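Next come the chains, spelled out residue by residue.
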Amino acid sequence: MTVLAAIEAGRRTCGEVFRNPLGLPDRTPRHTIGEVSAASGLTAHTLRWYERIGLLDPVDRSASGQRRYSDGDLHRLAFLGRLRLTGMPVADMLRYVELAREGDRTSADRRDLLLAHREEVRQRIADLHATLAVLDHKIDLYDGRVARLEP
C-alpha cells in the first residue's frame, strides 16, 4: 500500500505517521505515550514536558486517564523534531507554536521567524563545511605522512 493510500484509508501506524507527516492529520486520539515515544525517540518525560510547556496542545486521555495522541500531535512532534535538529531554541519553538495557535493572521510572523532561523542554519552549515575542509586537509596530510613512512 502506498503512503497516500494508507493516509486515505486511515491505517497508518504511529511510526508511519511520525516518519511521513503528510496530508490532513486524523484527530482521533489513538496512540499511546509508549508508541509515540518509540516512534519519535522522545522519552515519555519529554512528551509530558512538551505538553506542560505548551509545545503540544493538551493531549486527550482515555477513560482510565492514559494519554492518547492523535496523528495531528504526531505531525506537530515531527515538525518540532526538525526544528530541534536545526538547533532552534525551545523558546523560539514555543513562540512559533503560540503564533500558530493564533491562526492565519500570524502567518507573516511565523514566516519571519522561520526565515531568520533558516539564515542561522545556513550559516552553521557554511561553518561546518569550512570545518570539514580543514579536517579533510589534515587527514590528507596524515595519509601522506603514513605513505612516506611505509617501506
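Residues numbered from 1 in each chain as written. Predicted model: local features only at pLDDT ≥ 70, side-chain atom pairs only at ≥ 80, totals over all residues. Heavy atoms only, no water.

Undergrad: Go over the pattern of salt bridges, please, and point to the residues and values.
TA: Overall, the coordinates contain five salt bridges when judged by the stated rule. As a salt-bridge pair, R101 and D57 come within 2.7 Å of each other at their nearest N and O atoms. On the criterion of sequence distance, the pair formed by R101 in helix α6 (residues 90–101) and D57 in the loop between α4 (44–53) and β1 (60–61) is long-range, its members being 44 residues apart. In this structure R101 comes out as partly exposed when scored by relative accessible area, which is 39%. A relative accessible area of 32% places D57 in the partly exposed class. In this structure, E102 and R105 form a salt bridge, with 3.1 Å as the shortest nitrogen-oxygen distance. Residue R105 is classed as exposed on the basis of its relative accessible area of 66%. Look at the salt bridges and you will find they share partners, linking D26, R30 and D71 into a network. (Salt bridge = Lys/Arg side-chain N within 4 Å of Asp/Glu carboxyl O. Helix = DSSP H or I, 4+ residues; strand = E, 2+ residues; numbered from the N terminus. Buried < 20%, exposed > 50% of the residue type's maximum accessible area, 1.4 Å probe, protein only.)

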